[in-house]
Amino acid sequence: MKYRIIAATGCTTGIAHTYMAQEKLEEAAEKLGVTIKVETHGQVGIENELTNEEIREAEAVIIASDKDVHDERFKGKRIIDVPVLQGIKQPEKLIQDALAGKGKVKYPIDNEDSNILTNDADGSDSNSIGRQIYKHLMNGVSHMLPFVVSGGVLIAISFLWGIYSSDPNNEQFNEIAARFNQVGGVAMGLMTPILSAYIAQSIGKRPALVSGFVAGMIASSGGAGFLGGILGGFLAGYTIKLLERALRGLSKKLDGLKAIFLYPVLSVVIVGLIMTIVVAPMNSINESMMDFLAGFEGSNPILLGIIVGVMCAFDFGGPINKAAYVTGTALLAQGNYSFMAGVSAACIAPPLITTFSALLFKDRFTKEEKNSAYVNAILGSTHITEGAIPFAAKDPLKAIPSFMLGSSVAAVLTYLFKVQVPAPHGGFLVLPVVTHPFQWVIAILIGSLVGAVALGMTRKKSK
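Calculation rules
Residues numbered from 1 in each chain as written. Predicted model: local features only at pLDDT ≥ 70, side-chain atom pairs only at ≥ 80, totals over all residues. Heavy atoms only, no water. Buried < 20%, exposed > 50% of the residue type's maximum accessible area, 1.4 Å probe, protein only. Helix = DSSP H or I, 4+ residues; strand = E, 2+ residues; numbered from the N terminus. Arc of directions from axis to C-beta. Phe/Tyr/Trp six-rings, centres within 6.5 Å; stacked < 30°, edge-to-face > 60°. Lys NZ or Arg CZ within 6 Å of the ring centre and 35° of its normal. 1 Å grid on protein atoms, 1.4 Å probe; cavity = no way out; pocket = protein on both sides within 12 Å on 5 of 7 lines; lining within 4 Å. Points joined across faces, edges and corners; volume = space filled by probe spheres on them. Nonpolar A, V, L, I, M, F, W, Y, C, P; charged D, E, K, R; others polar. Domains from an automatic or database assignment. Salt bridge = Lys/Arg side-chain N within 4 Å of Asp/Glu carboxyl O. Axes fitted to C-alpha atoms, helices over the stretch in contact; angles between N-to-C directions. Parallel < 35°, antiparallel > 145°, perpendicular 65-115°, else oblique. Left-handed = near helix turned anticlockwise from the far one by under 90°. UniProt positions renumbered as here; feature names shortened; annotations may be inferred. Contact = heavy atoms within 4.5 Å. Core = buried A, V, L, I, M, F, W, Y, C linked by side-chain atoms within 4.5 Å.

## Remarks on helix α4 (residues 91–99)
Logical step 1: Among the residues making up α4, those that are buried are P91, L94, I95, D97 and A98. Down the axis of α4, the buried set is contained in an arc of 160°. They therefore lie on one face.

Below, the structure written as structure tokens:
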């Protein structure tokens, strides 16, 4: 079958936004009478993969993604490249823009002009520096998350035998607990190298993976943490870009030599030497940030909870939400499980707010909205914030403050109850390894109810 438009979607966690964007694009295409095929880049990998023939025959390409989807495949095609949320909010406009010939030929064939630009669906240049930096960073975070989740949960399981159960010199020592702790520690230890490597890969593609891994390992072993890993990833990626430009005058016959020898050796030398110099000051910055946040948790948990709640409920998976989320996952690797507890509570609350609001204010929601709100009880319980997006999009100026209020209350109470959550995802599924699980659930429910009342009060009676 020939598709007029092909698309690729992907989000950081690869769980909800990815497939919501796919669904919205497919629904919009059917409504407009346009054939479309949407490739998804979720946590399970690439699904509904585009073939070379489908790419060749398509009129245009839509990329609604916050991470790398290998867009170098789309040579000669006009590409509209937007954040994944844009694919959810404005799918019809994206398709209409694609059919109208808007976008950019990012990868020209031969001497075709690649500088023909138009505005994306949101009116911004898809290649803005901020957008590209965010996309590269999220590609690293997306690949890093499974390591943090698995490692954090295994370490938490080892604590079920006692906080010192992995220490052979302590009376609490247990062989099984020690094995869980060891394996979990290895997984968590890979967090920074993976983050660094896939930031580099997003920038410089496959040749950048080697120097990215090396930069991440230097940052990890030197104590520079995730900040050092981020710096190393960008350094490795752009080093490859510079090497490609410097060596492009070499004969095409040497392409194989460049890939297997020149790029890896030169990039590892350059990136490795720079990282050995900057790792010490980065270590100091990393430790200062950890001390600051740890002090904040103890001295002013209310203010911290408000900040975290507002950030998490502001854009439901966008850059501001991800800033809090990435910080939480990074702190997990440092052994700080408290900060993530507040972030998780603030992310779980918004979908539950819609559920409680639909139950409390039945006459202010349509039948379709109530059905979606009831499903959000499941989404929220499993830490999928995106279920709240349709409710926020309907009246953002009134709805989003309600979500912020509920998320802030949930986060504040979580910090006051001194809850610790060792995994950055999973919602209530990780309750067995949560410190003070009952208090955590209570904090989230109270925050959700407060937000639900606020949301219901902003809505008019449904006709």
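## As for the packing of aromatic side chains
Logical step 1: Scanning the model with the defined rule gives five aromatic pairs in all.
Logical step 2: Seen in terms of ring centroids, Y198 and F213 are 6.5 Å apart; in terms of plane orientation they differ by 80°. Their pairing is edge-to-face. Of this pair, Y198 sits in helix α7 (residues 191–204) while F213 is found in helix α8 (residues 209–221), placing the two residues 15 residues apart along the sequence.
Logical step 3: Above the face of the F365 ring, R459 is positioned so that its terminal group lies 4.1 Å from the ring centre.

## What to know about the layout of surface pockets
Sizing a probe to match a water molecule and rolling it over the atoms shows the empty space that remains.
Logical step 1: The calculated volume of the largest pocket comes to roughly 1,000 Å³.
Logical step 2: Of all the elements in the fold, those that place two or more residues in the lining of the largest pocket are α5 (129–158), α7 and α9 (225–246).
Logical step 3: Taken together, the residues of the lining of the largest pocket break down into eight nonpolar, five polar and 11 charged.
Logical step 4: Composition of the lining of the largest pocket by domain shows at least three residues from each of domain 1 (5–105) and domain 2 (129–282).
Logical step 5: The computed volume of the second largest pocket comes to approximately 530 Å³.
Logical step 6: Along the wall of the second largest pocket there are 22 residues; nearest its centre are M20, K24, S372, G387 and P390.
Logical step 7: Of all the elements in the fold, those that place two or more residues in the lining of the second largest pocket are α1 (17–32), α3 (84–89), α14 (367–381) and α15 (389–394).
Logical step 8: The two domains that each donate at least three residues to the lining of the second largest pocket are domain 1 (5–105) and domain 3 (300–458).

## Looking at the pattern of salt bridges
Logical step 1: As enumerated under the stated definition, the model contains 14 salt bridges in all.
Logical step 2: Note that D81 is salt-bridged to K106, the shortest N-O span being 3.5 Å. Of the two residues, D81 sits in strand β5 (residues 78–82) while K106 sits in the loop between β6 (104–105) and α5, which places them 25 residues apart along the sequence. K106 carries the same exposure label as D81, and that label is buried.
Logical step 3: Between K135 and D81 there is a salt bridge, with the nearest N and O atoms lying 2.9 Å from each other. Pair noted here: K135 is in helix α5 and D81 is in strand β5, with a separation of 54 residues, a long-range link. Across the pair, D81 and K135 agree in class, each one buried.
Logical step 4: Salt bridges sharing common partners tie together D68, D71, E72, D81, K106, K135 and K205.

## Things to note about the packing of α7 against α9
Any two packed helices are characterised by the angle at which their axes cross and by the distance between the axes.
Logical step 1: Relative orientation of the contacting elements α7 and α9 amounts to 30°, with a least axis distance of 7 Å. Taken together, the axes of α7 and α9 are roughly parallel relative to one another. Seen from above, α7 lies across α9 with right-handed handedness.
Logical step 2: The residue inventory of the contact of α7 with α9, partitioned by class, reads 11 nonpolar, eight polar and two charged.

## Considering the UniProt feature "transmembrane region" (unreviewed entry) in the protein
Logical step 1: Those places that UniProt annotates as "transmembrane region" (unreviewed entry) correspond, in this numbering, to residues 144–164, 176–200, 212–240, 260–280, 292–317, 337–361, 399–417 and 437–457.
Logical step 2: In this annotation, residues 212–240 is assigned 90% helix and 0% strand; the end-to-end C-alpha distance for the span is 10 Å.

## Digging into the packing of helix α16 (residues 396–416) against helix α17 (residues 437–458)
Logical step 1: Following both chains from N to C, one finds α16 and α17 inclined at 160°, their axes separated by 8 Å at the closest point. Between α16 and α17, the angle is such that the two are roughly antiparallel. Handedness of the crossing formed by α16 with α17: right-handed. Residues K398, A399, S402, F403, L405, G406, V409, A410, L413 and T414 of α16 form the contact with α17, whose participating residues are W440, A443, I444, I446, G447, V450, G451, A454, L455 and T458.
Logical step 2: A class-by-class count of the residues in the contact of α16 with α17 yields 13 nonpolar, six polar and one charged.

## Considering the nonpolar core
Logical step 1: Counting 35 residues, the largest nonpolar core has V141, V308 and V343 as the members making the most contacts within it.
Logical step 2: Listing elements by their share of this core, those giving two or more residues are α5, α7, α9, α11 (301–314), α12 (319–333), α13 (338–360) and α16.
Logical step 3: Top element by residues in this core is α5. It accounts for eight residues.
Logical step 4: Looking at which domains feed residues into this core, each of domain 2 (129–282) and domain 3 (300–458) supplies at least three.
Logical step 5: Counting 25 residues, the second largest nonpolar core, distinct from the first, contains C11, A21, I389 and M404.

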